[in-house]
Amino acid sequence: MKPEIEQPGKFPFTRGIHATMYRGKLWTMRQYAGFGTAKETNKRYRYLLGQGQTGLSMAFDLPTQIGYDSDDSMALGEVGRVGVAISSLADMEQVFTGIPLDKVSTSMTINATAGILLALYLAVAEKQNVPWSKVSGTVQNDILKEYIARGTYIFPPKPSLRLIADIVEFCAKEVPGWNTISVGGYHMREAGCTAAQEIAFTLADGITYVQTCVERGLNVDDFAPRLAFFFNCHSNFFEEIAKFRAARRLWAHIMRDRFGAKNERSMMLRFHTQTAGSTLTAQQPDNNVVRTTLEALAAVLGGTQSLHTNAKDEAIALPTEESALLALRTQQIIAYESGVTAEPDPLGGSPYIESLTDQLAQQAREYLNKIDNLGGMLKAIESGYVYKEIYHAAYEHQKAVERKEKIIVGVNECVSDKKLKIQMQKIDPQLEPRRRHDLAALRKKRNAAKVTRCLATLEKAAQGTENLMPIIVDCVRNYVTVGEICKVLRGTFGEHRANHSI
Amino acid sequence: MKMHSKELTKLVTRLESGEPFPTDLYRRTGNARILGITGPPGVGKSSLIDRLIDNLRRQHKTIAVIAIDPTSPISGGALLGDRLRMQRHSEDEGVFIRSLATRHHHGGVTDSTPQIIHALDAAGFDIVIVETVGTGQDEVEVAEVADTVVVVLMPELGDEIQRAKSGLMEIADILVINKADLFNARPSSGAPQYTALKWERPTIHTSAKSGEGITTLCGAMDVHHAYLVHSKELAKRRARAVRAEVTRLLQSRISASILRALEGPQAQTILTEVAKRKLDPQDAVEKLTKEILGSNQRSSKHVATSTRRQTAKRRKTRR
Amino acid sequence: MSRPIKVLIAKAGLDGHERGALVVAMGLRDAGMEVVYTGIRNTPEQIVAAAIHEDVDVIGLSSLSGGHMAQFTRVMDLLKKEQIKGVLVFAGGIIPDDDVKKLKKLGIKEVFGPGSTIASIAEFITKSRR
């Protein structure tokens, strides 16, 4: 499979998707943030942008991710906890006050409600008089991994894939600068799968999305250049570098040979990386700075396009301003001081790296074949195969740690006597009552007739096959809330029910 | 009479631990419909039951579910994951769900399943569903406890399942092919037929995910029940269940006696004689049988007394 | 006859990360316990109802999203309301030290943070049951 001499920027892109990689342009330093209120999020974004961060990354709270407004009974205790609470356009406008959307690129970690959050972003751009053609960013929009490793699904797979294709189709025409799917392996790795599984399960998800869009009638080269990936960077330094290389090689072949892509840009695996949260420890948290540095370095040597480095307290909670800054500085020191950016794929050609790359590619291929034999990733997920693989691997890892076959410094070796206390961001206890109040005020202020009309249009369209995005954009313009939109969609599409078997 | 939830669960726990079923409750049994649902792991039995509960509750029926999963032969523990797919019914007072581990019993059900069914029956549930894992020839005991046995399969299962199916097919009153939506399944057979003498087993295609086929399945279950009643099969099956239960209790009792006898000093002497070739094994059995039968008479009196005492105690604490 | 200890492992609230809960469930199974795992998105009411139906000896609550105070408080309130006695409750996940104290006051016997071993949880359970 491997050609004689691989070159950076040349098919199959094992050595990197660009010929000069970081010599030409550094990776995007994109730190995940967002918590509590839209106002606090806005403040943190302006701080990070001022400090040199080059792209924004949005985290949403669980109710927003699962389609509940902040005042819904299902949201109790969860509002603003793991990210910002967005229920309406009013919230989104607040997040981006003073931040021109044609000057930044925003990556949104949002899946089941990706269409709604994208619509909100586009509505904000409208209010800023920024044309959609100038808007750039990403929605994660990767529902398959939600069913097995992250849990923020709402609807069953078929309507969820329809929504994903709607977004891809809509953006291909209206928002050409938008990355419409960020196919994630990060979470499955965090859930416990191995490096080879991370490659295979991620690419298998990608295959399903491409297949869905192609069946919709879209030409692969019209949307594939806008697909992006999101990988984990774990602690085994060389294995991780090899993992990225293997993933690029496999995807290039999949796109060209399986889907018949002609445009080289359709074959390039572009990815964002996050250093592994699961490798961080609560014990001796300063050690985490070292871990993150090594993991970030592996991601850079592996050729990532964009990187999030964890703060040292990220194992415990959302990071403080100080630790978030240090995480950013970690990337900046690697970028400006270490010299590793001088050559693309500097470890390429090393016998060890090349053999690891080949091995991982082979193992991943075997998993992909298995998944094909099961009838594709969707069936593999529904049969429970993927779930079992991930969580059995997680259990094996735990047993290895407890048997000290795997050492974690500060946890099962080099343990210190003193127990260290982590400073945590506190969530304002008045947040939920305030949100309830604000939403009630919003519902009074807006045009109720328009809201009713929008929701009726949405329901009808959802029952049919037309693209829902323009309708959702219209809904959010009129201050229809996230929860109200999802209630209609839940009524039409139904809700997915977990049916795991371990 | 409906037993309050906590009382019922405590009774089930005691029965699960091998305590005998309270005599005074026994005459309240025989009213519930007992439904057995079995099939290989992963076909979607629990998800199917989750949907069935919806339908049955709409008909205002009360349902108890016993979900049985295998005990690990190595650790003695078990992961009971069926409830997960039925959790949304947890708060419904007309639904009772209990997970049981086989605790090394082979055959699909547990030692105490018949008694636990009695408890749920006596508590007044209209329908008792027993969910078991059935893959091979061994795991067909569910047929001994149920009036209607539903075997659930999935299309395109591997060879091993096809072979094992033969045991399951013998006990199936209704065959369900689940996950019909995932695979291109053929349409179901028509509405189930029966004559007073013969039941024509229907094949029903369902998707627990979408709800397709569930109403048909419920209908088939009702028709089978009607068949059982009209053909007098119900009485025959119940008689078989009683015989199976009593047989197992007897076997259990006598096994215990055998083990006790073998521990005793008389047994030690007899066994030593056999080892020395002074006695042959048949003679040993003759002698030990007398001892066991004698001891059984003594112990049965003891058990009867103890059960009466326990029942009296419970009567006092109940209201 | 000593029967295996019966444990309910449940995730409350909207958090969907199952790794910790599943690993503990499998670990306790291998330690000889009967474990009912009820997955994600359980309301406190569903957790307590399950605990009653299953007549468990132990409840393990898992939370990683920070919603533990609201969720776990409600679970403990419901257990009290239903007069459930003798059930050992422990918690696991990402729970700050200050909250650990508050949870223990509510009756949650122990909180197992990141890095906790299955062995320590199993030992805690068997010791507490004696």
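Residues numbered from 1 in each chain as written. Chains lettered and ligands numbered in written order. Predicted model: local features only at pLDDT ≥ 70, side-chain atom pairs only at ≥ 80, totals over all residues.

Description of the overall build of chain A
- On a plain count of helices and strands, chain A comes out with 20 helices and 10 strands.
- A compact globule built from 502 residues should have a C-alpha radius of gyration of about 23 Å, and chain A, at 22 Å, falls within 12% of that.
- Projecting the C-alpha coordinates of chain A onto the three principal axes gives extents of approximately 70 × 60 × 45 Å.
- In chain A, which comprises 502 residues, the proportion classed as buried is 54%.
- Within chain A, residue pairs in contact and separated by at least 24 positions form 78% of the contacts whose partners lie at least 6 positions apart. (Helix = DSSP H or I, 4+ residues; strand = E, 2+ residues; numbered from the N terminus. Rg over C-alpha atoms; globule rule 2.2 N^0.38 Å. Buried ≥ 20, exposed ≤ 12 C-beta atoms within 10 Å, placed from the backbone. Contact = placed C-beta atoms within 7 Å.)

Observations regarding the domain arrangement of chain A
Residue and element names in this part refer to chain A.
- Looking at chain A, the domain boundaries give domain 1 (21-402) and domain 2 (431-493).
- The C-alpha centroid of domain 2 is placed 27 Å from the C-alpha centroid of domain 1.
- Taken together, the 33 residues of domain 1 in the interface contact 22 residues of domain 2.
- When contributions to the side of domain 1 that touches domain 2 are tallied by element, the ones reaching two or more residues are α3 (89-95), α4 (114-127) and α6 (157-174).
- Along the lines of polarity and charge, the residues of the side of domain 1 that touches domain 2 split into 18 nonpolar, 10 polar and 5 charged. (Domains from an automatic or database assignment. Nonpolar A, V, L, I, M, F, W, Y, C, P; charged D, E, K, R; others polar.)

A short note on unusual backbone geometry
- The omega angle of the peptide bond from A:F11 to A:P12 is 0 degrees, so this bond is cis rather than trans.
- Summarising the element assignment, A:P12 is placed in the segment before β1 (28-29).
- At A:N129, a position not held by glycine, the phi torsion is positive, near 60 degrees.
- Overall, A:N129 belongs to the exposed group, with 9 C-beta atoms counted inside 10 Å.
- The backbone of C:Q83 shows a phi angle near 55 degrees, a positive value even though the residue is not glycine.
- Tracing the chain through its elements places C:Q83 in the loop between α3 (68-81) and β4 (88-93).

Observations regarding the interface of chain C and chain A
- Of the residues lining the interface, 26 residues belong to chain C; the matching set on chain A comes to 32 residues.
- Elements represented by at least two residues in the side of chain C that touches chain A include exactly α1 (19-30), α3 and α5 (118-129) of chain C.
- Looking at the side of chain C that touches chain A, the element that brings in the most residues is α1(C), giving 5 residues.
- Of the residues assigned to the side of chain C that touches chain A, the class counts are 11 nonpolar, 12 polar and 3 charged.

Some remarks on the sheet that holds strand β4 (residues 95-101) of chain B
All names here are of chain B.
- Taken in spatial order, the 7 strands make up an open sheet running β4-β2-β5-β1-β6-β7-β10, and their pairing is parallel. The sheet is open, and its two borders are formed by β4 and β10 (203-205), each paired with just one other strand. Strand-to-strand twist in this sheet, taken as the mean axis angle between neighbours without regard to direction, amounts to 20 degrees.
- Of the strand pairs in this sheet, strand β7 (residues 174-177) and β10 are connected by 3 bridges, and their pairing is parallel. (Pairing = 2+ DSSP bridges. Axes fitted to C-alpha atoms, helices over the stretch in contact; angles between N-to-C directions.)

Brief notes about the pairing of strand β5 (residues 136-139) of chain A
Residue and element names in this part refer to chain A.
- The sheet contact formed by strand β4 (residues 105-109) and β5 spans 4 bridges and is parallel. Bridge assignment links S107 to a residue of β5, and that residue is T138.
- Traced from β4 through α4 to β5, the parallel crossover comes out right-handed.
- Across 2 bridges, β5 lies against strand β6 (residues 178-179) in parallel orientation. Each bridged residue has a counterpart across the sheet, and for G137 the counterpart in β6 is W178. (Right-handed = clockwise from strand over helix to strand, strands pointing away.)

Let's talk about the interface of chain B and chain C
- With 26 residues of chain B at the interface, the matching set in chain C holds 26 residues.
- Secondary structure elements with two or more residues in the side of chain B that touches chain C: α1 (5-16), β3 (78-80) and β4 of chain B.
- The element contributing the most residues to the side of chain B that touches chain C is α1(B), with 6 residues.
- When its residues are assigned to classes, the side of chain B that touches chain C shows 8 nonpolar, 13 polar and 5 charged.
- As paired strands, β3(B) and strand β2 (residues 34-37) of chain C are joined by 3 bridges and run parallel to one another. Bridge pairing in β2(C) links B:L80 to C:V36.

A few points about the sheet that holds β1(A)
Residues and elements named next belong to chain A.
- Read across the sheet, 5 strands follow the order β1-β10-β9-β8-β7 without closing on themselves; strand pairing throughout is parallel. At either end of the open sheet lies a strand with only one pairing partner, and these are β1 and β7 (181-184).
- One ladder, built from 4 bridges, connects β7 with strand β8 (residues 227-233); its direction is parallel. Pairing of G184 across the sheet is with F230, part of β8.
- Along the sheet, helix α12 (residues 287-301) makes contact with β8, β9 (271-275) and β10 (306-308), crossing β9 at roughly 165 degrees.

A few points about α6(A)
- End to end, α6(A) covers 25 Å across 18 residues, agreeing with the expected 26 Å (1.5 Å per residue, within 8%).
- Of all the residues in α6(A), the buried ones are A:S160, A:L161, A:L163, A:I164, A:A165, A:D166, A:I167, A:V168, A:F170 and A:C171. (Expected span 1.5 Å × (residues − 1).)

Re the nonpolar core
- One finds A:L120 and B:V128 to be the most contacted residues of the largest nonpolar core, which totals 253 residues.
- The dominant element in this core, judged by the number of residues it contributes, is helix α8 (residues 195-216) of chain A, at 11 residues.
- The residues touching A:L120, leaving out its near neighbours within four places in the chain, are A:I86, A:L89, A:M92 and A:V476. (Core = buried A, V, L, I, M, F, W, Y, C linked by C-beta atoms within 7 Å.)

Notes on the packing of α6(A) against α8(A)
Residue and element names in this part refer to chain A.
- Direction vectors running N to C along α6 and α8 enclose 70 degrees, while the axes themselves pass 10 Å from each other. Considering the angle they form, α6 stands roughly perpendicular to α8. Two secondary-structure elements touch here, α6 through L161, I164, A165, V168 and E169 and α8 through Y209, T212, C213 and R216.
- Residue composition of the contact of α6 with α8, grouped by class: 6 nonpolar, 1 polar and 2 charged. (Parallel < 35°, antiparallel > 145°, perpendicular 65-115°, else oblique.)

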